[in-house]
Amino acid sequence: LEIHRREFSFPSVMSQRLQTDPRVGVITVHKFARGTCNETRSAIDELKLTGTLSGLIIDLRDNPGGQVDEAACVASLF
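The residue numbering used here restarts from 1 in each chain and proceeds along that chain's sequence as written. Confidence filtering applies because this is a predicted model: local features only for residues at pLDDT of at least 70, side-chain atom pairs given and counted only at 80 or more, and all residues used for totals across whole chains, interfaces and linings. For side-chain calculations, the full set of non-hydrogen atoms in the structure is used, while hydrogens and water are omitted.

Let's shift gears to the environment of glutamate 7. The topology assignment puts glutamate 7 in the segment before strand 1 (13–17). For the pair formed by glutamate 7 and valine 74, sequence separation is 67 residues and the distance between their alpha carbons is 27 Å. Every helix listed is a DSSP run of H or I at least four residues long, and every strand listed is a run of E at least two residues long, numbered separately from the N terminus.

We now examine the sheet that holds strand 3 (residues 55–59). Two strands are counted as paired when DSSP detects at least two bridges linking them. Taken in spatial order, the three strands make up an open sheet running 1-2-3, and their pairing is mixed. In the strand order of this sheet, the two ends are held by strand 1 and strand 3, each with one partner. Along the sheet, successive strands turn relative to each other by an average axial angle of 20 degrees, direction set aside. In this structure, strand 1 lies alongside strand 2 (residues 24–29), joined through five bridges in antiparallel fashion. Bridge assignment links glutamine 16 to a residue of strand 2, and that residue is valine 26. The axes are straight lines fitted to the C-alpha atoms, using for helices just the contacting stretch, and the angles between their N-to-C directions are given from 0 to 180°.

Before going further, it helps to examine the pattern of salt bridges. Whenever a carboxyl oxygen of Asp or Glu lies within 4 Å of a side-chain nitrogen of Lys or Arg, that contact is scored as a salt bridge. Summed over the entire model, instances satisfying the criterion amount to three salt bridges. A salt bridge links aspartate 69 to arginine 34; the nearest nitrogen and oxygen atoms lie 3.1 Å apart. Taken as a pair, aspartate 69 in helix 2 (residues 68–76) and arginine 34 in the loop between strand 2 and helix 1 (36–49) lie far apart in primary sequence, 35 residues in all. Residues arginine 61 and aspartate 59 are paired through a salt bridge, measuring 2.8 Å at the closest nitrogen-oxygen approach. Relative accessibility thresholds used throughout: buried, under 20% of the residue-type maximum; exposed, over 50%; partly exposed, between the two (1.4 Å probe, protein chains only). A residue is classified by how much of its surface remains accessible, and arginine 61, at 65% relative accessible area, is exposed.

Here the phi dihedral of aspartate 62 falls at roughly 60 degrees; this positive angle occurs in a residue that is not glycine. Within the secondary structure, aspartate 62 sits in the loop between strand 3 and helix 2. According to the relative accessible area criterion, aspartate 62 is exposed, its value standing at 78%.

Moving on, we get to the packing of helix 1 against helix 2. Where helix 1 meets helix 2, the axes come as close as 8 Å, and the angle between the chain directions of the two elements is 25 degrees. It follows from the interaxial angle that helix 1 and helix 2 lie roughly parallel. The interaxial crossing formed by helix 1 with helix 2 has right-handed handedness. Counted together, Thr36, Cys37, Thr40 and Arg41 of helix 1 and Glu70, Cys73 and Val74 of helix 2 form the full contact between these two elements. Gly counts as polar in this scheme, as do all residues outside two lists: the nonpolar Ala, Val, Leu, Ile, Met, Phe, Trp, Tyr, Cys and Pro, and the charged Asp, Glu, Lys and Arg. For the contact of helix 1 with helix 2, a count of residues per class yields three nonpolar, two polar and two charged. We call two directions roughly parallel when the angle between them is under 35 degrees, roughly antiparallel when it is over 145, roughly perpendicular when it lies between 65 and 115, and oblique otherwise. Helix crossings get a hand from a simple test, with the near helix turned counterclockwise from the far one by less than a right angle marking a left-handed crossing and a clockwise turn marking a right-handed one. Note on contacts: a residue pair is in contact if any heavy atoms of the two residues lie within 4.5 Å.

This is the structure in structure tokens:
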């Protein structure tokens with residue numbers, strides 16, 4: 001049995017538009033790590049640039065938490 005070790009980085013923020021209503025954006029925050037606030041701000045800006053944005057869903061399911069200052073910064077965006 002041969003085991004290979006590899007470093008894998010998972011983004012803390014992902015964004016997309018709803019398939020059923022492309023005017024609604026979805027931002028998923030997986031964790032509040034350093035830079036999460038900037039990534040969230042960039043995701044919002046990107047959604048605004050790619051078309052009309054009439055609503056936004058912030059998905060925090062399965063978020064284990066993290067840096068309090070980053071969570072506060074994300075909250076201040078809204």
